[in-house]
Amino acid sequence: MVSHSVWIVGTSRSGKTARLVEQFCSWVQPEKKHHESFYTKKPGQKKGARIPEFLYLKQTEPIVLVLAANDDNRRELGDIIVTSTLGKYPVRAKTPLGFFQDEVILFWPLLINSLSLKAQFPVRLRPETEQELATKLWRPQLDEEILRIAGVNESRLVRRILDLLQLAAYSGVRCEDIAQILARGLGDNSTTLEPEFLASLLLDWRNWCLERGLLTYGIITELYSQYLLSDRNYQQHLTKRYQAVLADDVDDYPSVARLLFELLLDQGAVGAFSYNADGAVRLGLGADPNYLEGLAERCQVEILTGPPSESLGEELTKQMVELVTEPMVLLSLPKMVHSIQTTSRAQLLRQTAEVIANTIQSQQVQAEEVAIIAPGLDAIARYTLVEILIKQNIQVESLNDQRPLVSSPVIRALLTMLALVYPGLGRLVDRDAVAEMLVVLSRKQQAPENSLLLTDAINRVSTDIDPVRAGLIADYCFVPHPDRPNLLPVSTFERWDRIGYAATTAYGEILQWLEQQRSQQELRLIPSPISLLDRAIQRFLWNGSNLPYEQLAALRELLETAQHYWEIDTRLRQIAPDETTPYTTIIEFIQLLRRGTITANPYPVRPIGGARRAVTLATIFQYRSSRRSHRWHFWLDAGSPLWAKGGAATLFGAPFFLRDRLGEPWTAEDEKLAEEQRLRRILTDLLSRVSERVYLCHSDLAVNGQEQVGPLLPLVNACVTHSVI
């Protein structure tokens, strides 16, 4: 029997996504219909390849399930499909986890009946809230002896245990079977905790969440794979809604995605899947490419040619892989591979930035055609590169730069404001925090005159209270108190005339506003701290001006985080009223932010209008996930051993939950082989994403002073003759 589904195999930039979009268009766009059979052969198609005729019918609701590996790719794929079909066909693109979440919430009443749950609307927990609540639940059992055996602190141990639930759910393993999988995988390893103990913690956590209607990614995936997918009522609804499935980059999907695809295919749906054997970016983080590859047996396989001729993949991959796997081979890399070599890393960062600046200013390459890729980017490296390039008027775009939300002065100022309005928060505010708040809340931002384009509106920032005056005011007017910290009038300072008119006026306005908010808070006229945050933003920060993009992203994330935090707090108090005061929640919220566990995730991710003219700065993982390509690559820290790790740490226990080796022990030999394969994939993938030149940037010594002898060192040695130093 001829399969009507297609399995598209190709390397990066070989046209897999374009082929999927072409397949989508062939499914949904109206054509002359033939009624001799249920399936209609399209003109120009290979013999035997037929498409269900019902897909040609005009639909008002999507009947094609469209999936992409991550959120950025999902948006891009959705845009391409809408453009290709002229917006005539409704499409709802999702990530696998996003689809699971939508289905669990949509069919929650079905789960309430089958699992005998309390009838309440489910609320999804963010990862940081998940970790905080799990820590509180498990803290009585995580004593010092447990932490000593685990060899990590409490926070990391909790995250590691929660990751086990997620990995198990992704692979289709029930929570009750985690202990058995871990026991087989860990064997007699005495340096880890007992599998039964870990599994019992997870069972307690899952049940605790379900009783309260709280959902995590792990619980969502388990509910979907273990209960919904096996429910006949749900299966009927699913197969009635979707007669086709289109999935891009399935090498980055979890195992349970195959269960979904097979169910649809078994019920007569057609599928189109793209697969990159050199992809697998999320292997070790929940993806199971080998298991997903088994779907190829049910499809017609189409093999696309390699990357475009302008990429360096075809010319360099074989040589580089050979040099890395067999370092004794005497090869000299071609002239398109250069090296930047220094003794210290500080020199390397400076010289790398200078080479980039010189080549851009000499117009050898445009800023948007350059990418700096590193196995890991610490704050010093990021700051140094950005600072040097910006001084040369070269913009830098940091991919997914998830700095802690509390690193923003605007966020810290708002948290200080909360501590000055609500009682009982005095221990969370000090003199320096007050001074910073005064500076931030007295800022005035104005867009440049004659600026018509939003992308050109670079804000000029001035402040009525500069840091020196703010420090003086905080020294003389701030009164610390554990319950009611206070700010006194500026006249309390004997020489307040030195403050100046502008600063005095601005301070008076801030003081008057804070007093008004305290009065309203005492009269219960402020619904929640979220309302107070919004008032402060409207009064002092927004003020009718165009805020910088980074500040907007941080403020948006703060409000969303606060909204989520109080929503969860309200749910918990409804089920089990807490004896603590409402102000305890504010204290815990501020402490959560100050621990740095919440980051700003700007949205929309892409700029409005044309592409940003900026150098791309990313880790290996971020760059490969974004599916970008550039003319020039600068591979930073080429001698680092982290290149074999792929720029992302593998989750604890991840190999135990791969379907082709479920529960098998992970040996040192397995780890060595996995690193070799990962390095080969990284080289193949990155070289297919660069078209003209690669710079290997290497310093003899790492940040800690140790000599760098990573797996790419043979490549650096093989292009010494082309060094730019």
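Keep in mind it's a predicted model, so treat the numbers as computed, not measured.

1. Side note on the overall build of the protein
- The helix and strand tally for the protein stands at 26 helices and 20 strands.
- Summed over its atoms, the accessible surface of the protein is roughly 33700 Å², and 52% of this surface lies on carbon and sulfur atoms.

2. Re the pattern of salt bridges
- On inspection of all chains with the given rule, the structure shows 44 salt bridges.
- Of the charged contacts, one joins Glu557 and Arg126 as a salt bridge, the two residues approaching to 2.8 Å between their closest N and O atoms. Taken as a pair, Glu557 in helix α22 (residues 549-575) and Arg126 in the loop between β6 (123-124) and α5 (127-138) lie far apart in primary sequence, 431 residues in all.
- Here Arg126 falls in the buried class, since its relative accessible area comes to 13%.
- One salt bridge connects Arg631 with Glu692, and the closest N-O pair in it is separated by 2.8 Å. Of this pair, Arg631 sits in strand β19 (residues 630-635) while Glu692 sits in strand β20 (residues 690-699); the two residues are 61 residues apart in sequence, bridging distant segments of the chain.
- For Glu692, a relative accessible area of 32% puts it in the partly exposed group.
- The structure contains a network of salt bridges with shared partners spanning Arg126, Glu128, Arg556, Glu557 and Glu560.

3. Comments concerning the sheet that holds strand β12 (residues 370-374)
- Here six strands make up an open sheet; going across it, the order is β11-β20-β19-β12-β18-β13 and the pairing parallel. With one partner strand each, in any of the chains shown, β11 (337-342) and β13 (395-398) form the two edges of the open sheet. On average, adjacent strands in this sheet sit at an angle of 20° to one another, irrespective of strand direction.
- Of the pairings in the sheet, the one linking β12 to β19 comprises four bridges and is parallel in character. Paired with Ala371 across the two strands is His633, which belongs to β19.
- Contacts from helix α25 (residues 668-687) reach β12, β19 and β20 within the one sheet, and its direction differs from that of β19 by about 145°.

4. Concerning empty space enclosed by the protein
- Counted according to the given criterion, the structure contains one cavity of 30 Å³ or more.
- Within this model, the largest cavity holds a volume of roughly 100 Å³.
- Taken together, 13 residues line the largest cavity, and the ones lying closest to its centre are Val281, Leu283, Lys645, Gly646 and Arg678.
- Listed by contribution, the elements that provide at least two residues to the lining of the largest cavity are α24 (620-626) and α25.
- Across the lining of the largest cavity, the residue classes break down as seven nonpolar, two polar and four charged.

5. Here's the deal with unusual backbone geometry
- Phi at Ser116 is positive, roughly 55°, even though this residue is not glycine.
- Looking at the element boundaries, Ser116 is found in the loop between α4 (108-115) and β6.
- Residues other than glycine seldom take positive phi values, yet Asp249 does so here, at roughly 55°.
- With respect to the element layout, Asp249 can be found in the loop between β8 (244-247) and α12 (256-266).

6. Looking at the nonpolar core
- Core analysis: the biggest nonpolar cluster contains 78 residues, and Trp205 and Phe261 have the highest contact counts within it.
- Phe261 has contacts with Leu67, Val245, Ala247, Val250, Tyr253, Phe273, Leu292 and Leu295, leaving out every residue within four places of it along the chain.
- Membership of the second largest hydrophobic core comes to 61 residues, among which are Leu425, Ile510, Leu511 and Trp513.

7. Notes on the side chain of Thr416
- Here Thr416 lies in helix α17 (residues 409-421).
- You can call Thr416 buried: its relative accessible area is 2%.
- Discounting chain neighbours no more than four positions away, the residues touching Thr416 are Val429, Ala433, Val434 and Met437.

8. Remarks on the sheet that holds β8
- Overall, parallel pairing links the six strands, which are arranged β5-β4-β8-β9-β1-β10 in an open sheet. Two strands in the sheet have a free side with no partner beyond their single neighbour: β5 (93-94) and β10 (300-303).
- Across four bridges, β8 lies against strand β9 (residues 270-275) in parallel orientation. The residue bridging Ala244 from the neighbouring strand is Val270, located in β9.
- Against the sheet, α12 contacts β4 (64-67), β8 and β9, and its axis sits at roughly 150° relative to β9.

9. Focus: the layout of surface pockets
- If you add up the space inside the second largest pocket, you get close to 990 Å³.
- As for the second largest pocket, its lining consists of 47 residues, of which Leu283, Pro655, Leu658, Trp666 and Ala674 are closest to the centre.
- Mapped by element, the contributors of at least two residues to the lining of the second largest pocket are α7 (154-171), α8 (178-186), α13 (289-293) and α25.
- If you tally residues by element for the lining of the second largest pocket, the top one is α25, at eight residues.
- Grouping the amino acids of the lining of the second largest pocket by side-chain chemistry returns 23 nonpolar, 13 polar and 11 charged.

10. Topic: the environment of Val439
- With respect to the helices and strands, the residue Val439 is situated in helix α18 (residues 431-441).
- Put simply, Val439 and Asp464 are 25 residues apart on the chain and 7.6 Å apart in space, counted from C-alpha to C-alpha.
- Excluding residues that lie within four positions of it along the chain, Val439 makes contacts with Thr463, Ile465, Asp466, Pro467 and Ala470.

11. Overview of the packing of aromatic side chains
- Tallied over the entire structure, the rule returns 22 aromatic pairs.
- A centroid spacing of 5.8 Å and a plane angle of 50° characterise the contact between Trp632 and Tyr695, whose relative ring orientation is tilted. Of this pair, Trp632 sits in strand β19 while Tyr695 sits in strand β20, and the two are 63 residues apart along the sequence.
- Trp632 sits in the buried class, given a relative accessible area of 1%.
- Relative to Trp643, the ring of Trp635 has its centre 5.5 Å away and its plane inclined at 40°; by these criteria the two rings are tilted.
- Looking at Trp635, the relative accessible area reads 0%, which means it is buried.
- We classify Trp643 as buried; its relative accessible area is 0%.

12. Brief notes about the pairing of β9
- β9 sits mainly inside the fold: six of its six residues count as buried.
- Covered by surrounding structure in β9 are Val270, Ala272 and Ser274 together with Gly271, Phe273 and Tyr275, the residues of both alternating faces.
- Judged from the four bridges that link them, strand β1 (residues 6-9) and β9 form a sheet pairing that is parallel. Across the sheet, the residue bridging to Ile8 is Ser274, located in β9.
- On the question of chirality, the crossover connecting β8 to the parallel β9 by way of α12 is right-handed.

13. Here we look at the confidence of the model for the protein
- On average, residues of the protein carry a pLDDT of 86, and 87% of them reach 70 or more.
- Note on residues 32-51: pLDDT under 50 across the span, and 40 contacts to partners over four residues away in sequence or across chains.

Definitions and limits used
Residues numbered from 1 in each chain as written. Predicted model: local features only at pLDDT ≥ 70, side-chain atom pairs only at ≥ 80, totals over all residues. Heavy atoms only, no water. Helix = DSSP H or I, 4+ residues; strand = E, 2+ residues; numbered from the N terminus. Areas by Shrake-Rupley, 256 points an atom, 1.4 Å probe, with all protein chains shown as cover. Salt bridge = Lys/Arg side-chain N within 4 Å of Asp/Glu carboxyl O. Buried < 20%, exposed > 50% of the residue type's maximum accessible area, 1.4 Å probe, protein only. Pairing = 2+ DSSP bridges. Axes fitted to C-alpha atoms, helices over the stretch in contact; angles between N-to-C directions. Contact = heavy atoms within 4.5 Å. 1 Å grid on protein atoms, 1.4 Å probe; cavity = no way out; pocket = protein on both sides within 12 Å on 5 of 7 lines; lining within 4 Å. Points joined across faces, edges and corners; volume = space filled by probe spheres on them. Nonpolar A, V, L, I, M, F, W, Y, C, P; charged D, E, K, R; others polar. Core = buried A, V, L, I, M, F, W, Y, C linked by side-chain atoms within 4.5 Å. Phe/Tyr/Trp six-rings, centres within 6.5 Å; stacked < 30°, edge-to-face > 60°. Right-handed = clockwise from strand over helix to strand, strands pointing away. pLDDT = per-residue confidence, 0-100.

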